Amino acid sequence: RDYYASRGLGDVYKRQDIAARLASFMKEDKDDPEYISQRGAERIYGQANVLRWRKSGAIKPIVRPGKIEYPIARLKELSRVDEIFIRWQLSKKKK
């Protein structure tokens, strides 16, 4: 019985951690412009990442006369997912 009780508490702590992260992401993102230039996206998120996300169809550029732009919210989302995945892979290697 204690095993299941402690397991439930772990789930509660995980949900609180996720909720805290989401809240911090929302605060962090609230003043961002909607789009960023291709050059700016490559500078911030890495040229290889932007190209990989574009080739995989994860992000689609907005093409306007004389410029290519990307939605910042989607770039941030992809970047955060990559970070979580990398941390998960590293934690598997340590075990």
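Coordinates for the structure precede this section.
Within any chain, residue numbers begin from 1 and follow the written order of that chain's sequence. In view of the model being predicted, local features appear only for residues whose pLDDT reaches at least 70, and side-chain atom pairs are presented and counted only at 80 or more, with totals across whole chains, interfaces and linings using the full set of residues. Excluded from the side-chain calculations are hydrogens and water; all other atoms, namely the structure's heavy atoms, are used.

## Considering the packing of aromatic side chains
Part 1 of the reasoning: Here is the rule: rings of Phe, Tyr and Trp (six-membered ring for Trp) pair when centre to centre is within 6.5 Å. Planes less than 30 degrees apart are stacked, more than 60 are edge-to-face, and the remainder are tilted. Considering all chains together, one arrives at one aromatic pair under this definition.
Part 2 of the reasoning: Positioned above the aromatic ring of Y35 is the side chain of R64, whose terminal nitrogen or guanidinium carbon lies 5.0 Å from the ring centre. In this analysis the charged atom, NZ for Lys or CZ for Arg, is taken to sit over a ring once it is within 6 Å of the ring centre and within 35 degrees of the ring normal.

## Remarks on the sheet that holds strand β1 (residues 35–37)
Part 1 of the reasoning: Only strands that DSSP links by at least two bridges are regarded as paired with each other. Only DSSP runs of H or I reaching four residues or more are called helices, and only runs of E reaching two or more are called strands; each is numbered from the N terminus. Read from one edge of the open sheet, three strands run β1-β3-β2, paired in antiparallel fashion. What marks the edges here is a single partner per strand, and that holds for β1 and β2 (62–64). Averaged over all pairs of adjacent strands, the angle between strand axes in this sheet comes to 35°, irrespective of strand direction.
Part 2 of the reasoning: As judged from the three bridges shared by β2 and strand β3 (residues 67–71), these two strands associate in the antiparallel manner. Whenever a helix is involved, its axis is fitted only over the stretch in contact; in every case the axis is a line through C-alpha atoms, and angles between N-to-C directions fall within 0 to 180 degrees.

## Description of the pattern of salt bridges
When their charged atoms lie close together, side chains carrying opposite charge are able to pair.
Part 1 of the reasoning: For this document, the term salt bridge refers to a Lys or Arg side-chain nitrogen within 4 Å of an Asp or Glu carboxyl oxygen. In this structure the tally under the stated criterion is three salt bridges.
Part 2 of the reasoning: Salt-bridge contacts for E69 lead to K67; the nearest nitrogen and oxygen are separated by 4.0 Å.
Part 3 of the reasoning: Where R74 meets E77, a salt bridge forms, and the shortest distance between an N and an O atom there is 3.1 Å. Separated by three residues within a single helix, R74 and E77 lie in helix α4 (residues 72–94), roughly one turn from each other.
Part 4 of the reasoning: Accessibility here uses a 1.4 Å probe with only protein chains present; expressed as a share of the type maximum, an area under 20% marks a residue as buried, one over 50% as exposed, and anything in between as partly exposed. Under the relative-accessibility criterion, R74 is labelled partly exposed at 28%.

## Some thoughts on the side chain of E69
Part 1 of the reasoning: If you trace the backbone, E69 turns up in strand β3.
Part 2 of the reasoning: We define a polar contact as two N or O atoms separated by no more than 3.5 Å, with the added condition that, inside protein, one atom must be a possible hydrogen donor and the other a possible acceptor, whereas residues neighbouring each other in sequence contribute only through side-chain atom pairs. Among the polar contacts listed, one links the side chain of E69 to the side chain of R64, at a separation of 3.2 Å.
Part 3 of the reasoning: Residues count as neighbours in contact if any of their non-hydrogen atoms are within 4.5 Å of one another. For E69, the residues in contact, after removing those within four places along its chain, are Y35, I36, S37, Q38, P61, I62 and R64.

## Details of the pairing of β3
Part 1 of the reasoning: Taken together, the three bridges between β1 and β3 define a ladder with antiparallel strand orientation. Following the sheet pairing, S37 is matched in β3 by E69.

## Here's the deal with the environment of E34
Part 1 of the reasoning: Along the chain, the position of E34 falls in the loop between α1 (2–29) and β1.
Part 2 of the reasoning: Note on E34: relative accessible area 58%, which makes it exposed.
Part 3 of the reasoning: For the pair formed by E34 and Y70, sequence separation is 36 residues and the distance between their alpha carbons is 8.5 Å.
Part 4 of the reasoning: Excluding its chain neighbours within four sequence positions, the residues that come into contact with E34 are Y70, P71 and I72.

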